[in-house]
Number of protein chains: 2
Amino acid sequence: MSIRVGIFGYGNLGRGIEAAIRQNPDMELAAVFTRRAPETVKINTVGVPVYHADTVSDHKNDIDVMILCGGSATDLPVQTPTLAKLFNVVDSFDTHAKIPEHFENVNKAAAAAGKVAIISVGWDPGMFSLNRMYAGAVLPEGKDYTFWGKGVSQGHSDAIRRIDGVADAKQYTIPVEAALEAVRSGSCPELTTRQKHIRECFVVAKEGADLARIENEIKTMPNYFADYDTTVHFISKEELERDHSGIPHGGFVIRTGKTGFNKEHSHVIEYSLKLDSNPEFTASVIVAYARAAVRMNQRGESGCKTVFDVAPALLSPLSAEELRKTLL
Amino acid sequence: MSIRVGIFGYGNLGRGIEAAIRQNPDMELAAVFTRRAPETVKINTVGVPVYHADTVSDHKNDIDVMILCGGSATDLPVQTPTLAKLFNVVDSFDTHAKIPEHFENVNKAAAAAGKVAIISVGWDPGMFSLNRMYAGAVLPEGKDYTFWGKGVSQGHSDAIRRIDGVADAKQYTIPVEAALEAVRSGSCPELTTRQKHIRECFVVAKEGADLARIENEIKTMPNYFADYDTTVHFISKEELERDHSGIPHGGFVIRTGKTGFNKEHSHVIEYSLKLDSNPEFTASVIVAYARAAVRMNQRGESGCKTVFDVAPALLSPLSAEELRKTLL
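The rules behind each value
Here, residues in each chain are numbered from 1, in the same order as that chain's written sequence. Numbering of ligands from 1 and lettering of chains from A proceed in the order in which they are written. Given that the model is predicted, a residue must reach a pLDDT of at least 70 before its local features are reported, and side-chain atom pairs must reach 80 or more before they are shown or counted; all residues, however, enter totals for whole chains, interfaces and linings. Derived side-chain values reflect all non-hydrogen atoms in the structure, with water molecules and hydrogen atoms excluded from consideration. Counting from the N terminus, the helices are the DSSP runs of H or I reaching at least four residues and the strands are the DSSP runs of E reaching at least two. Atoms counted for the radius of gyration: C-alpha only. Globule rule: 2.2 Å times the number of residues to the power 0.38. Partly exposed describes any residue whose relative accessible area lies between the buried limit of under 20% and the exposed limit of over 50%, with all areas from a 1.4 Å probe on protein chains only and scaled to the type maximum. Residues count as neighbours in contact if any of their non-hydrogen atoms are within 4.5 Å of one another. Here the buried area means the combined drop in accessible surface, using a 1.4 Å probe, for two parts upon being joined, counting both sides. Should a side-chain nitrogen of Lys or Arg be within 4 Å of a carboxyl oxygen of Asp or Glu, the pair is scored as a salt bridge. Pairs of N or O atoms within 3.5 Å make up the polar contacts considered here, provided that, within protein, one atom can donate a hydrogen while the other can accept it, and that residues adjacent in sequence are counted only when both atoms are side-chain atoms. When residues are sorted by character, Ala, Val, Leu, Ile, Met, Phe, Trp, Tyr, Cys and Pro go into the nonpolar class, Asp, Glu, Lys and Arg into the charged class, and all the rest, Gly among them, into the polar class. We treat two strands as partners when DSSP finds at least two bridges between them. Orientation is described by lines fitted to C-alpha atoms, with helices fitted over the stretch in contact, and by angles between N-to-C directions that extend from 0 to 180 degrees.

A. The arrangement of the overall build of chain A in detail. Looking only at helices and strands, one finds 11 helices and 14 strands in chain A. Taken over the C-alpha trace, chain A has a radius of gyration of 22 Å; the compact-globule value for 328 residues is 20 Å, and the two agree within 12%. Residues classed as buried in chain A amount to 57% of the 328 residues present. A sequence separation of at least 24 residues applies to 68% of the contacts in chain A between residues at least 6 apart.

Next comes the structure, spelled out in structure tokens:
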């Protein structure tokens, strides 16, 4: 029997989940839940109902795992603990500093309800976290580096759009090649924020806006840009739409470390992602963990989990025998 | 209390295990077992006993996990099932085609004895297998590629040494850069053996040997060299010792795949290793899995496992809270 998946929230991530489910024959989309008027939400899968979020408890028995597609700022801190009382759930909570608190809240709800909740799934947190953890366990004496990009940062793009005189904008985070090479050399460099990443901004200004002032406001914006080498390009609305409509992202997790009785040998472990679509890749990771959530719950497990707690085999539709035979 | 580790077999891998244990403060080397006369085996750790392999059952209660450092051809198929009756064990069985059979034999022994046995641990099989599995679960529609090198192949070096007139030899397996680039492009190329790797051989000939004949014998050797572009360099014994005494290795696992309703987006997942010492890195992976074997057994688990069955958190000395706080 297929795993019946629910999608809670239908934006970029929700649409990515919908597409990813179609690539996994052992899963089916059971329903989409939205806070909008359901009849106004047109989804891509024929024959699947769209319900209002307020009715979600009516569907408790129709869904094996609910995937939460809301934002980390205000949606998930409320939604994940609430829905973990009713369903196995997976979320992509990505406010790193607040993960311990979110974990505790979700764990209480999921444990009491006998459900499995897997939080902070995606690529960072998610696949990058896994690679940091594996590499650290294997090379205890070493140093980790994470680089992001080249990719679109929605938060930084939004920050530019809030500047007076800006009509639209897209910001790319780009790792500095020389920093990557220094890390790969095994020299364990100490790198400043500025040395690791540059920020490139494509801005559509409103007619008559003061471009010099906008550029200055971007480059001096605290936290977002002031600590980076930032370049600003003013382009037309048409150019933005033509050349910058995608949501690519990616990055690198590198650990270098030493082994040997006298630490005489160096090793480099590198994991990298190059993604055409950040939300679709994030969704693909989440769907694999949704499979694991259902399997763990079927085995009698409950409570909050992270990628660190999930045995890799649980992610795959292949049997243990097939995995050993074909991938080991 | 420290995890008490036994080493069974004291060659390159055994010495690597010994060094790796010193980098893990929660583990201690309890004893080394050898088939040689124990008094002839000098180990690097002060105060640790060396016993004859035949006495291993006398030490059943002194060792929490035994690491088997024998070869896959004849040692491990016998040793792992035998020792899994007495100890939690970890091995690095790497004959890919025989893993299912080895698994069944070890599983019977370990399950009956209530012990945990983790087989085929290292980097390939091992970390590379994990990365193939994770990437395949995340991108179900895609294609996997594994490249090895640049690194020393012991099997190929040995094959050259068996040729008449050869005093010594070292063979490097080298991935073809153009093939790597083609894979990373997402074009899903079909690559022949010859297109993926080249083989570079450094050979010390005996005095008066026919170099042309040796070179020809190498290049036409079935399975080992005939399907590859192979280069042969004749060098002096001193040059071999000076420039080719290390045991570096490494490689790349790359998966490219598509997502989206119309498969319109491409993604590249790449994992790579660059290792100064193949046996020491393999040993470092094994030691992390030895920790996991003990923890799984303490939880009441038994039977044969592979890297696919081990939840990542079990590898780390950090607590679940610390992992979530620092690495997620």
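B. A look at the interface of chain B and chain A. Across the boundary between the two partners, chain B contributes 68 residues, which contact 68 residues of chain A. Summing both partners gives a buried area of about 5,900 Å² for chain B against chain A, and 64% of it is carried by carbon and sulfur. The largest contributions to the chain B side of the interface with chain A come from B:Gln23, B:Phe261 and B:Leu328, which together make up 15% of the buried area. Applying the counting criterion to the chain B and chain A interface returns zero salt bridges. Counting across the interface, chain B meets chain A through 26 residue pairs in polar contact (both at pLDDT 80 or more). Broken down by secondary-structure element, the contributors of at least two residues to the side of chain B that touches chain A are helix H1 (12-21), helix H3 (99-113), helix H4 (127-138), strand E12 (249-259), strand E13 (265-275), helix H10 (278-298) and helix H11 (320-326) of chain B. Looking at the side of chain B that touches chain A, the element that brings in the most residues is E13(B), giving 11 residues. Within the side of chain B that touches chain A, the residues separate by chemical class into 33 nonpolar, 17 polar and 18 charged. Pairing of strand E13 (residues 265-275) of chain A with E13(B), which is carried by nine bridges, proceeds in the antiparallel orientation.

C. Quick peek at the environment of A:Thr282. Residue and element names in this part refer to chain A. Along the chain, the position of threonine 282 falls in helix H10 (residues 278-298). Using a relative accessible area of 11% as the deciding quantity, one classes threonine 282 as buried. Along the backbone, threonine 282 and aspartate 124 are 158 residues apart, and their C-alpha atoms lie at a distance of 8.9 Å. In this structure threonine 282 touches Leu13, Val121, Gly122 and Trp123, once residues within four positions along its chain are discounted.

D. Quick peek at the sheet that holds strand E8 (residues 151-152) of chain B. Residue and element names in this part refer to chain B. Across the sheet, which stays open at both edges, the four strands sit in the order E8-E9-E10-E11 with mixed pairing between neighbours. With partners counted over all chains shown, the strands left at the sheet margins are E8 and strand E11 (229-234), one partner each. In terms of strand pairing, strand E10 (residues 197-205) meets E11 through six bridges, oriented parallel. Residue pairing in the sheet places phenylalanine 202 in a bridge with histidine 233 of E11. Set on the sheet, helix H8 (residues 211-219) makes contact with strand E9 (166-175), E10 and E11; between it and E11 the angle comes to about 150 degrees.

E. View of the side chain of B:Thr80. Relative to the helices and strands, B:Thr80 resides in helix H2 (residues 75-83). The residues contacting B:Thr80, other than those within four sequence positions of it, are B:Leu68, B:Val89, B:Asp91, B:His102, B:Val106 and B:Ile119.

F. The arrangement of the pattern of salt bridges in detail. Inspection of the entire model under this criterion finds 40 salt bridges over all chains. Measuring nitrogen to oxygen at the nearest pair gives 2.7 Å for the salt bridge that ties A:Asp26 to A:Arg291. Of this pair, A:Asp26 sits in the loop between helix H1 (12-21) and strand E2 (27-34) while A:Arg291 is found in helix H10, placing the two residues 265 residues apart along the sequence. Relative accessible area serves as the criterion here: at 23%, A:Asp26 is assigned to the partly exposed category. We classify A:Arg291 as buried; its relative accessible area is 0%. The residue B:Glu141 makes a salt bridge to B:Lys263 at a minimum N-O spacing of 3.4 Å. Of this pair, B:Glu141 sits in the loop between H4 and strand E7 (142-148) while B:Lys263 sits in the loop between E12 and E13, and the two are 122 residues apart along the sequence. Because the salt bridges share partners, they merge into one network encompassing A:Glu177, A:Glu181, A:Arg184 and A:Glu270.

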